[in-house]
Amino acid sequence: MAKPMNHAEKLRYMTETPLPKLVIQLATPAVVSMLISSLYNMADTYFVGQIGSASATGAVGVILPVMSLMQAMGFMFGHGSGNHMSRALGAGRVEDAKKMAATGFFSAFLAGLIIMAVGLLFPAQLCDLLGATETILPYAVEYLRYLMPGAPFLVAQLVINNQLRFQGSAFYGMIGVMVGALLNVALDPIFIFGLGMGVSGAALATSLSQIVGFTVLLCMTYRKGNIAIKPKHFSPSFANYKEIFRGGVPSLARQALTSISTICLNTAAGVYGDAAIAAMSIVGRVMLMGNSAVIGFGQGFQPICGFNYGAKRYGRVREAFWFCVKLCFAVLLIVAILGLCFAPQIIGLLIKGNPEVIEIGALSLRLQCIFWPLFSYVIIANMMLQTIGMARKATLLAVARQGLFFIPTVLLLSWLLGLFGVQVSQAVADVLSFLLAVPIGQGVLKQFEQMEQEATQQEEMMAE
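Just so it is clear, the model here is predicted, and its values are computed rather than measured. (Residues numbered from 1 in each chain as written. Predicted model: local features only at pLDDT ≥ 70, side-chain atom pairs only at ≥ 80, totals over all residues. Heavy atoms only, no water.)

## Some words on the overall build of the protein chain
This is how it is decided: Think of it this way: any DSSP run of H or I at least four residues long counts as a helix, any run of E at least two long counts as a strand, and we number them from the N terminus. Exposure is judged per residue with a 1.4 Å probe applied to protein chains only, and the accessible area is read against the type maximum: over 50% gives exposed, under 20% gives buried, and values in between give partly exposed. Residue contacts are counted whenever heavy atoms from the two residues lie within 4.5 Å of one another. Accessible surface is estimated by sampling points in the Shrake-Rupley manner with a 1.4 Å probe; for residues, cover comes only from the protein chains shown. Counted as positive: Lys and Arg. Counted as negative: Asp and Glu, with His and the chain ends omitted from the count. Every charge is mapped onto a representative atom, which is NZ of Lys, CZ of Arg, CG of Asp or CD of Glu.
The number of helices and strands found in the protein chain is 16 helices and zero strands. Along the first, second and third principal axes, the C-alpha set of the protein chain runs to 75 × 45 × 40 Å. Taking all 464 residues of the protein chain together, 60% fall into the buried category. Partitioning the intrachain contacts of the protein chain with sequence separation of at least 6 by distance along the chain shows that 83% fall at a separation of at least 24. For the protein chain, the exposed area adds up to about 17,600 Å²; of that, 69% sits on carbon and sulfur atoms. With 29 positive and 21 negative side-chain charges, the protein chain shows a separation of 8 Å between the mean positions of the two kinds.

## Examining the confidence of the model for the protein chain
Do not read the predicted coordinates in detail wherever pLDDT is low. Selection rule: The predictor reports its confidence for every residue as pLDDT, a score running from 0 up to 100.
Here the protein chain averages 83 in pLDDT, while 94% of its residues score no lower than 70. Confidence scores differ between elements of the protein chain, with helix 1 (residues 7-16) showing the lowest mean pLDDT of 71 and helix 13 (residues 355-370) the highest of 91.

## Comments concerning helix 15 (residues 391-417)
Our working rule: To estimate the expected span of a helix, count its residues, drop one, and scale the result by 1.5 Å. Two axes enter the definition of the bend at a residue: one is fitted to the seven residues ending there, the other to the seven starting there, and the bend is the angle between them.
Its 27 residues place the ends of helix 15 36 Å apart at the C-alpha level, agreeing with the 39 Å of an ideal helix rising 1.5 Å per residue. At Ala 400, helix 15 shows its largest bend, some 75 degrees. Following helix 15 by one or two positions, Gly 418 has its phi on the positive side, about 70 degrees.

## Points about the packing of helix 4 (residues 94-121) against helix 10 (residues 238-270)
Operational definition: Working convention: axes come from line fits to C-alpha atoms, limited for helices to the stretch in contact. Angles between N-to-C directions cover 0 to 180 degrees. To sort the angles, those under 35 degrees are grouped as roughly parallel, those over 145 as roughly antiparallel, those from 65 to 115 as roughly perpendicular, and the leftovers as oblique. Ten residue types, Ala, Val, Leu, Ile, Met, Phe, Trp, Tyr, Cys and Pro, are classed as nonpolar, four, Asp, Glu, Lys and Arg, as charged, and the remainder, Gly among them, as polar.
In the contact formed by helix 4 and helix 10, the axes pass within 11 Å of each other and the chain directions differ by 75 degrees. Regarding the angle of helix 4 to helix 10, the classification is roughly perpendicular. Contacts between helix 4 and helix 10 involve Met 100, Thr 103, Gly 104 and Ser 107 on the former and, on the latter, Asn 240, Tyr 241, Glu 243 and Ile 244. Of the residues belonging to the contact of helix 4 with helix 10, the class tally is three nonpolar, four polar and one charged.

## Overview of the nonpolar core
So the rule is basically this: We define a nonpolar core as any set of buried Ala, Val, Leu, Ile, Met, Phe, Trp, Tyr and Cys residues linked to one another through side-chain atoms lying within 4.5 Å.
Counting residues in hydrophobic clusters, the biggest one holds 134 residues, and the most contacted among them are Ile 63, Met 70, Phe 301 and Phe 321. Looking at this core element by element, the count peaks at 18 residues for helix 11 (residues 274-310). Among all residues touching Phe 321, those that are not within four sequence positions of it are Phe 301, Tyr 377, Ile 380, Ala 381, Met 384 and Leu 445.

Structural data, given as structure tokens:
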């Protein structure tokens, strides 16, 4: 957007702007934000990988469930409060949106403090629970201790970023995320190699960049047209938390199951040594980078969905949904082809001088690339259900990929097929989640069509 808008102008913008233009305008900063955000973990994986130790690289993968848990809290409070805010703003209830913004933010910061306390008090026990082997454990504990001080700031900044996005101000969120991620990339080599801190340096760089990113994002809420987060608006009522959980539980379930599934993956891969854990960790980061683009498009779609659903413009919701699905499918198809062709080279960029890790990771990456384009429908449908408040269906779809299908698949196939079962498990889970998403998504789109017809008939009757 060329200039800041007030709430009335933003409502007109969201409900009247031609959809392809609107989706691109809102999705572009969201895609950039997600891609940059994924650099937090990708940067650590890359620079730690240059040490050349499978155990050190594996430690970053072992701690991934903790990062996923922090993201789960941030996305739950961010999506839950943001979903409600977009519908409230679409209906003209600005004060309601202000209270929800403050409630989501301060609740998330408290959740981050709790995670920090647990991580600092029980680092060894937590790393052992996460699937660390004896050789990986010292690196993982070291990484965790420096990571935890940034936990409340990471959780809270995810809330701010999502709230800005649901208000149609994704550009401001992108600025905050970009500052933090670029700082992380700059500090990693300084701390890891320049100061000789190793994996501790990677974690410290991540913590400091999260604090800086949080500060920038908080300042962005005070720009014109955005809802500023103020303590006086904090309203921890049962009704507000009910709304947050209704809109945020699907995100919590999705991210929490990512933590659990990563623990299961580490446990299954750990039977085959540190190289297997390191390889699957690297593949996970690569896939996360690609999925971030689709998630970004979905995030650009969500405020459009929320505003227009609140304004009863159901046809625009359907049109935006299909535009996002088709565009994301095309993007993932291109990325998947590149992944199939250059898998060894991609894995080799993230681990120095370890052919065993490259061999294991390359096959897993290629297997996942085969069905990768199907993820486009799954994630856009999930975000549509979540935004319009269909919590049960959204939660079912959210838990399908990494929980309902992946966890039993990786445990069963690793037992039946050995290491190949570990490598192919995510691809199998992706196909199954797509088969579940199609009938659920199509059923809701059909309801939109009926609701649109009923609204048209009512308007015609009133005109007569």
